[in-house]
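Chain by chain, the residues:
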Amino acid sequence: MCGIVGFTGKDQAVPFLLQGLQALEYRGYDSAGVEVLSPDGELHGVKCSGRVATLAERCRTANLVGTTGIAHTRWATHGAPTDRNAHPHLDCSGRIAIVHNGIIENFQELRAYLARTGHTLASDTDSECIAHLVEDAWAGPAKGDLVEAVRNACQRLQGSWGLAVVCADAPGEVVVARKGSPLVVASTPDGAYAASDVTPLAPVTSHVITLDDDQYARLLPDGSVTVYDADGAVVDHPGTLDIDWDASAATLGGYPDFMAKEIAEQPEAIERLLKNRLGEHGIELDELSMTDADLAAIDRIYMVACGTSYHVGLIARAIVEEWAKVPVVCEFASELNYKEPLVTPHTLCVIITQSGETADTLTAARRMRGMGCKVFAITNVLGSTAARESDGTMYVQAGPEICVCSTKAYTAQMVAAVLLALRLAYANGSMRLEEVQQHYRNLCTLPDLIREVLKRSWQDQQAAKLFRNAQSSLFLGRGVNSTTAAEGALKLKEISYLHAEAYAAGEMKHGPIALLEPGFPVVAIVPADHVHDKTVSNIQEVIARGATCIAVATDGDEEVAKLCQNVLWIPEVPEEDFVPIVAIVHLQTLARYVARSRGCDVDKPRNLAKSVTVE
Ligand code: M6R
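Residues numbered from 1 in each chain as written. Predicted model: local features only at pLDDT ≥ 70, side-chain atom pairs only at ≥ 80, totals over all residues. Heavy atoms only, no water.

Visitor: Go over the overall build of the protein, please, and point to the residues and values.
Guide: From N to C terminus, the protein includes 20 helices and 26 strands. Viewed in the frame of its principal axes, the protein has a C-alpha envelope of about 75 × 55 × 40 Å. Burial analysis of the protein (615 residues in total) assigns 62% to the buried set. Contacts in the protein between residues at least 24 apart in sequence constitute 71% of all its contacts with a sequence separation of at least 6. Accessible surface for the protein amounts to roughly 22,300 Å². Of this, 49% is attributable to carbon and sulfur atoms. Separation between the mean location of the 52 positive side-chain charges and that of the 78 negative ones in the protein comes to 4 Å. (Helix = DSSP H or I, 4+ residues; strand = E, 2+ residues; numbered from the N terminus. Buried < 20%, exposed > 50% of the residue type's maximum accessible area, 1.4 Å probe, protein only. Contact = heavy atoms within 4.5 Å. Areas by Shrake-Rupley, 256 points an atom, 1.4 Å probe, with all protein chains shown as cover. Lys, Arg positive; Asp, Glu negative; His and termini not counted. Charge placed at Lys NZ, Arg CZ, Asp CG, Glu CD.)

This is how it looks when you write it as structure tokens:
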């Protein structure tokens, strides 16, 4: 949700802090702030509503000097996105500053207590309480030890936090704490770093320390990092993680926006994921950490996810049921959390989450685990909570996805789910090795098919013009492509703020058809598949009402070409079930063109954050 960074070392802190915030800005961009400990022994900071670029501008005039500091980019939960609610927050003395990612659930009680005991709170946030609790602890039981003061304060908190704290009376120290919100730290010869995830750290190190819940760390200017447990004892061997992301992966690299870059990166991402996956015994998926016998015993699967990742689950459900003959329940994590799932001793829970930090998904996974399920995570972010808490993790290796709207992670997650389906189907005897091999060969054609679609982006650009005067739109598809329609509609809504409704094409006549009028844009996914003719009939119904139909169709489809004003052509895909992985590329690109034509910031859509770490 929010992004935090911290630095202490030899160099000035502000350049890294701002660069770190830029890398984390996808986590929230309502407001931003920075605080450094200056050579005069005081804390000095700048904070404001708006983007990191605005903060950077203010920092230039404020001329903040200091080699120890913390910074924050916010996605507002408690308190409007105003200057005074921006982090960092200070204690009453102005000598302690904190930045926080998470939610303090007992903040009302804490604010009342702090007000009663003479503290003056300057914001409407839940986070500010932490600065005042650290203030109390610093002056009292912590006896001038900042880790102790933070630990003491955290003992009074309920909720979740990734926290970084500086204190003018503990020069050079940055203390961080984690519970429920991600945090990584790094020790380098030039100094010590902290961040909400590895993205800001990739340019400075390839090795990070991952904090567990209820752990603390003291960062010192010589680059040393000491990790402490909940009782304040030193942790000798904290978790570590090697980052194999190239630092340039998180930069624009010549593209106008991250969405464009990430759409273009899909072929390579899928190639990486597919590399060396076929072995003598079918698909190699050691990440599952399950034997063939364990896999063969699975009698039910829960696919659990949110948003775009949920759409992956829907498509995975169809493929797993078809190939592995195992019943699959696909649930929004936020719904499953309030239901009683039907779990057997052999139920597998698959969580799908790009960020690995989505609170609803993590809660569902913990609950399913508590019921005795093995949990397998399909995720993109290295060392994410989903990866750390699951019995097995498959990294989709799409590289950092910075644009808030998910594109390359979506297609990579679908390929990962297909690999899982193949592994299961072979293990439980539903599929022969030769069939597995054939499906794998077909999967390997996808990167080139996507490359071909990318070359046709001019078709999407043309089609985007048809949305110029639209107030709403309808996306239709059948079978697995009803999910392609849902994902296409989500992309459009999310970045262009244009309403889009997705429907199973055959259901249109039961209601949504009433929306149609001349010029109303309808996107119909109508590939060459077993329901092609049925979908063509639905297109006829659309056209008969004067609506504008934009079809996604397979090369050579004369019938669709004659019917529709605009066609987004896809090359022939060797398996019907793989069409969603190719067709969605047109819809991602279409959404981007529509959004740009409406002047929207495609990478940072309003009100959204990349990882939704609150339930
Ligand atoms: O990181 P996750 O995959 O768990 O995120 C789930 C959703 O928040 C996410 O897919 C969201 O819907 C995207 N903004 C869609 O583009």
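Visitor: Tell me what's going on with the site of the ligand, and back it up with residues and numbers.
Guide: Surrounding the ligand, one finds 13 residues, the nearest of these being S309, T353, S355, T358 and E494. A distance of 2.4 Å separates an oxygen atom of the ligand from a polar side-chain atom of T358. Between the ligand and S406, the relevant distance is 2.8 Å, taken from an oxygen atom to a main-chain nitrogen or oxygen of the residue. Bound to the protein, the ligand loses 91% of the 410 Å² it would expose on its own. With respect to the detected pockets, the ligand is housed in the largest pocket. Elements that contribute at least two residues to the shell around the ligand include exactly helix 9 (307-324) and helix 17 (480-496). The dominant element in the shell around the ligand, judged by the number of residues it contributes, is helix 9, at 3 residues. Looking at the shell around the ligand, its residues break down into 3 nonpolar, 8 polar and 2 charged. (Near = heavy atom within 4 Å. Polar contact = N/O pair within 3.5 Å; in protein donor to acceptor, adjacent residues only side chain to side chain. 1 Å grid on protein atoms, 1.4 Å probe; cavity = no way out; pocket = protein on both sides within 12 Å on 5 of 7 lines; lining within 4 Å. Sits in = over half its atoms within 2 Å of the grid points. Nonpolar A, V, L, I, M, F, W, Y, C, P; charged D, E, K, R; others polar.)

Visitor: Tell me about the sheet that holds strand 9 (residues 184-188), and name the residues and values.
Guide: If you walk across this open sheet you meet the 8 strands as 3-2-4-1-10-9-11-14, and the pairing is antiparallel. Looking at which strands have only one partner, the edges of the open sheet turn out to be strand 3 (43-49) and strand 14 (239-242). Here the strands of the sheet are splayed against their neighbours by 15° on average, with no regard to which way each runs. Pairing geometry for strand 2 (residues 31-37) and strand 4 (residues 68-74), over 7 bridges, is antiparallel. Note that in strand 4 the partner of E35 across the bridge is I70. Sitting on the sheet, helix 1 (residues 13-24) is in contact with strand 1 (3-9), strand 2, strand 4 and strand 10 (191-195), with an inclination near 155° to strand 1. (Pairing = 2+ DSSP bridges. Axes fitted to C-alpha atoms, helices over the stretch in contact; angles between N-to-C directions.)

Visitor: Describe the side chain of N337, naming the residues involved and giving the relevant values.
Guide: The topology assignment puts N337 in the loop between helix 10 (333-336) and strand 19 (347-353). There is a polar contact of 3.1 Å between the side chain of N337 and the backbone oxygen of D360. At 3.2 Å, the side chain of N337 forms a polar contact with the backbone nitrogen of A364. Apart from the residues lying within four places of it in its own chain, the contact partners of N337 are D360, T363, A364 and R367.

Visitor: How would you summarise the packing of aromatic side chains if you had to cite specific residues and measurements?
Guide: Per the counting criterion, the structure on display carries 5 aromatic pairs. When the centroid spacing of 3.7 Å and the interplanar angle of 25° are considered together, the rings of Y310 and F332 count as stacked. A residue pair is termed long-range when its members are at least 10 positions apart, and Y310 in helix 9 and F332 in strand 18 (residues 328-332) qualify at 22 residues. Among the aromatic side chains, those forming a connected cluster through ring pairs are F7, F16 and Y193. (Phe/Tyr/Trp six-rings, centres within 6.5 Å; stacked < 30°, edge-to-face > 60°.)

Visitor: Can you explain the packing of helix 13 (residues 408-427) against helix 14 (residues 433-443)? Please cite residues and give values.
Guide: For the pair helix 13 and helix 14, the least separation of the axes is 10 Å and the interaxial angle reads 175°. Viewed along their axes, helix 13 and helix 14 adopt a mutual orientation that is roughly antiparallel. Where helix 13 approaches helix 14, its residues V418, L419, L422 and Y426 are matched on the opposing element by L433, V436, H439, Y440 and L443. Here the residues of the contact of helix 13 with helix 14 sort into 8 nonpolar, 1 polar and no charged. (Parallel < 35°, antiparallel > 145°, perpendicular 65-115°, else oblique.)

Visitor: Report on the environment of G50, specifying residues and quantitative values.
Guide: One can find G50 in the loop between strand 3 and helix 2 (52-62). In sequence terms G50 and L18 are 32 residues apart; their C-alpha atoms lie 14 Å from each other. What G50 contacts, discounting residues up to four positions off in sequence, is Y29, D30, S31 and A32.

Visitor: Help me get a handle on the layout of surface pockets, residues and values and all.
Guide: One number sums up the size of the largest pocket: a volume of about 580 Å³. Lining the largest pocket are 29 residues; nearest its centre among them are C306, G307, T308, L490 and E494. Taken together, the residues that form the lining of the largest pocket break down as 13 nonpolar, 12 polar and 4 charged. Counting contributing residues, the lining of the largest pocket receives three or more from each of domain 2 (253-444) and domain 3 (448-596). (Points joined across faces, edges and corners; volume = space filled by probe spheres on them. Domains from an automatic or database assignment.)

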